[in-house]
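Residue strings, one per chain:
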Amino acid sequence: MAWLTSFPQLDDGYLRDLKKVIDEGFRNFTRSYGDMIEGFFSPLQTLLIWSERLLLNTPWPIILLVVAGLAWGASRNWRVVIGSVLTLVLIGLFGMWDDTMKTVSMIFAATLLSIVIGLPLGILMSRSDRFQAVLNPILDVMQTMPSFVYLIPVVMLLGIGKVPGLIAVVIYALPPMIRLTNLGIRQVDREVLEAADAFGSSAWQKLIKAELPLALPTIMAGINQTIMMALAMVVIASMIGVQGLGQPVLRAINNQYFTLGVFNGFAIVGIAILFDRISQAWGKRLQKHREVGHG
Amino acid sequence: MADPIGIEIRNLYKIFGPNPAAHVEAVRAGMTKAELQARHGHVLGLRDINISIAPGSIQVIMGLSGSGKSTLIRHINRLIEPTAGEIIIEGQNVVAMPPEALRAFRRHKTAMVFQKFALLPHRTVLDNAAYGLEVQGVPEAERYRTAMRWIERVGLKGFEKSYPSQLSGGMQQRVGLARALVNDAPILLMDEAYSALDPLIRYDMQTVLLDLQKEVRKTIVFITHDLDEALRIGDRIALLRDGCVIQQGSAQDIVLRPADDYVANFVQHVDRGKVLKVASIMVEPSGAEAPPEAAIDPEARVADALQKMAVLRLQSLRVEAPDGRTLGHLPFQAAIDAYTGQQGAR
């Protein structure tokens, strides 16, 4: 009765060979195409270095002013402005300014990349039910696959550093952007689209003048989610050499520095709340005239 | 103003389902809607529609929900593709137009007003009204100038910077109307444009449309489920039921000579005195002398004629054209019969 208690599995030798073949295949692939792929991703390197330099070289009072301006522009609410500035001041006082700027530049690049990739994919997804059916399971995998697993091939291909870190973050943060763009466009009122057609809009005009503006609040929710998920990846990305608030946390874990971990953890929470409030307030303000009331 | 143009709808069929073309022949041969649904799982939208719409007239298409009226109007600018048939406008078959030509046709020949207004909520009244011109690539200053003129004309001056959500339903539909008029297209399609409005506002908007029509002389296709509305504004009315036209004609024809029991049942609650014209029920000139004050215009309504007879204590009126010719006479009994609908004027 042994076959009932232990699950029948493939032959050990066969499994070993299988893993060996795949591993060797991938290693060969890495050896022959690694440089090419690294070259392909080098613009990301430029983007990352540029945004990091921008944030690190700008004097801190100007950063505070810009953040205050963004908060005011997005929310028109003094409490959000004061909260945002206070968060950054506290982070600076506790000696985490530079790490925070590095993290913010990483989040900025990841969000930008997610929008650039996610928006067109989301639009395509809203156009075709078949594409939606293909893409949905892929997005599910991207969101549920433990990030360590896809870090392995990324590191094998690109080594340790900023770019593989960025790619890992984007893989995790991209799905909500795609999904919510798709959802937002699919939810646009059919009669409004009919009106756009009836007045002779081209497909492009319909997209730009009706679909995207009407989907924008939902797309903004997608951007907000993307930012939040990117922040959640900060510590994991630090394991493959991404600098910023994640690295002190990693050090704290390894050496049991309780306070160091808590400080940096709260700094991450702080900027998460800051980003969330600003982008949500903006989304809400966009919403204002976008729903027609019948009166 | 563009010259009015007519619309010819010929042998139009619409079948909804996965493979509509396969069932057109069966429907042509007489398969009923229920049979098509039960045997092939396809829904018959429109069956053999033939309507000829005169340039510059208001054609009402009237029917209850599910009769296919909204489907029909969407064929005229091809928001819905027909299964078979032709729509001829200015010698061109809209059904056969390639996409580029269709877009140009929609931009320059037709404009549409929607039941639920279908305004762009993120745009101001002005930008909504100017949408058609914007799509055509008209420069901003010019399209705003044209849009402002029509916004004023529909009575929304001062609201051009408002957003649709800040306006009442009636005002939103004025924006919808302005948006359609700004295009200066010769064909105006109105899909239950007033059905979502309160009765009083609906009456106002009908008046706005009739006044405008005197000025712009467009070919208007007006969809409604409201018979009073149809009789008030339609030069001609087509009654639709289950995707078929069951009667076409003027308001007088439909009220006086309903094609079948369904139509008769429909028109029985109409205020006939206000719909029927003297000209539709008068009889041959009698030759009998009538006092000169007992003349009535052929376009006058039966209720007015009865009122006049009652006041003057007369048993008949002389029907007199505006140029003074005698066209016929209207006996009291004929007027009462027509008014009550008891015997039906012959």
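A brief look at the structure comes next. (Residues numbered from 1 in each chain as written. Chains lettered and ligands numbered in written order. Predicted model: local features only at pLDDT ≥ 70, side-chain atom pairs only at ≥ 80, totals over all residues. Heavy atoms only, no water.)

**Looking at the sheet that holds strand β10 (residues 244-249) of chain B**
Residues and elements named next belong to chain B.
Move 1: Taken in spatial order, the 6 strands of this open sheet run β6-β7-β8-β3-β9-β10, and their pairing is mixed. At either end of the open sheet lies a strand with only one pairing partner, and these are β6 (110-113) and β10. Between one strand axis and the next, the sheet turns by 15 degrees as a mean value, whatever way the strands run.
Move 2: In this structure, strand β9 (residues 236-241) lies alongside β10, joined through 5 bridges in antiparallel fashion. Bridging across to β10, Leu239 finds its partner in Gln247.
Move 3: Sheet contacts for helix α8 (residues 169-182): β6 and β7 (187-191); angle to β6, the most-contacted strand, approximately 175 degrees. (Pairing = 2+ DSSP bridges. Helix = DSSP H or I, 4+ residues; strand = E, 2+ residues; numbered from the N terminus. Axes fitted to C-alpha atoms, helices over the stretch in contact; angles between N-to-C directions. Contact = heavy atoms within 4.5 Å.)

**Regarding the packing of helix α3 (residues 60-75) of chain A against helix α13 (residues 258-287) of chain A**
Residues and elements named next belong to chain A.
Move 1: Contact geometry for α3 and α13: axes closest at 7 Å, N-to-C directions at 35 degrees. Here α3 contributes Val67, Leu70, Ala71, Gly73, Ala74 and Ser75 to the contact with α13, which in turn contributes Leu274, Ile278, Ala281, Trp282 and Arg285.
Move 2: Its residues assigned to classes, the contact of α3 with α13 comprises 8 nonpolar, 2 polar and 1 charged. (Nonpolar A, V, L, I, M, F, W, Y, C, P; charged D, E, K, R; others polar.)

**Describing a nonpolar patch on the surface**
All names here are of chain A.
Move 1: Together, Trp50, Leu54, Phe108, Leu112, Val116 and Ile117 make up an exposed nonpolar region whose accessible area comes to about 550 Å².
Move 2: Contributing elements (two or more residues each) for the nonpolar patch: α2 (12-57) and α5 (97-127).
Move 3: Here the nonpolar patch gets 4 residues from one element, more than from any other, and that element is α5.
Move 4: Structurally, the position occupied by Val116 is in helix α5.
Move 5: A relative accessible area of 55% places Val116 in the exposed class. (Patch = residues over 30% accessible without salt bridge, like charges linked within 9 Å, V, L, I, M, F, W, Y side chains within 5 Å. Areas by Shrake-Rupley, 256 points an atom, 1.4 Å probe, with all protein chains shown as cover. Salt bridge = Lys/Arg side-chain N within 4 Å of Asp/Glu carboxyl O. Buried < 20%, exposed > 50% of the residue type's maximum accessible area, 1.4 Å probe, protein only.)

**Here's the deal with the sheet that holds strand β13 (residues 326-331) of chain B**
Residue and element names in this part refer to chain B.
Move 1: Pairing in this open sheet of 3 strands is mixed, and the strands run β11-β12-β13 from one edge to the other. Each edge of the sheet is formed by a strand with only one pairing partner; in this case those strands are β11 (295-296) and β13.
Move 2: In terms of strand pairing, β11 meets strand β12 (residues 316-320) through 2 bridges, oriented parallel. Each bridged residue has a counterpart across the sheet, and for Ala295 the counterpart in β12 is Arg318.

**Some words on the side chain of Arg107(B)**
Move 1: Mapped onto the secondary structure, Arg107(B) falls in helix α4 (residues 99-108).
Move 2: A distance of 3.1 Å separates the side chain of Arg107(B) from the side chain of Gln205(A), its partner in a polar contact.
Move 3: Ignoring any residue separated from it by four or fewer positions in sequence, one finds Arg107(B) in contact with Phe199(A), Gly200(A), Ser202(A), Gln205(A), Val135(B), Gln136(B) and Asn183(B). (Polar contact = N/O pair within 3.5 Å; in protein donor to acceptor, adjacent residues only side chain to side chain.)

**Focus: the nonpolar core**
A general tendency of soluble globular proteins is for nonpolar side chains to be buried together.
Move 1: Judged by nonpolar contacts, the single largest core of 110 residues is most densely connected at Leu177(B) and Met190(B).
Move 2: Top element by residues in this core is α8(B). It accounts for 6 residues.
Move 3: Two domains each put at least three residues into this core: domain 1 (53-82 + 93-271) and domain 2 (273-340) of chain B.
Move 4: Within the second largest apolar cluster, 68 residues are counted, among which are Leu139(A), Leu174(A), Leu207(A) and Leu274(A). (Core = buried A, V, L, I, M, F, W, Y, C linked by side-chain atoms within 4.5 Å. Domains from an automatic or database assignment.)

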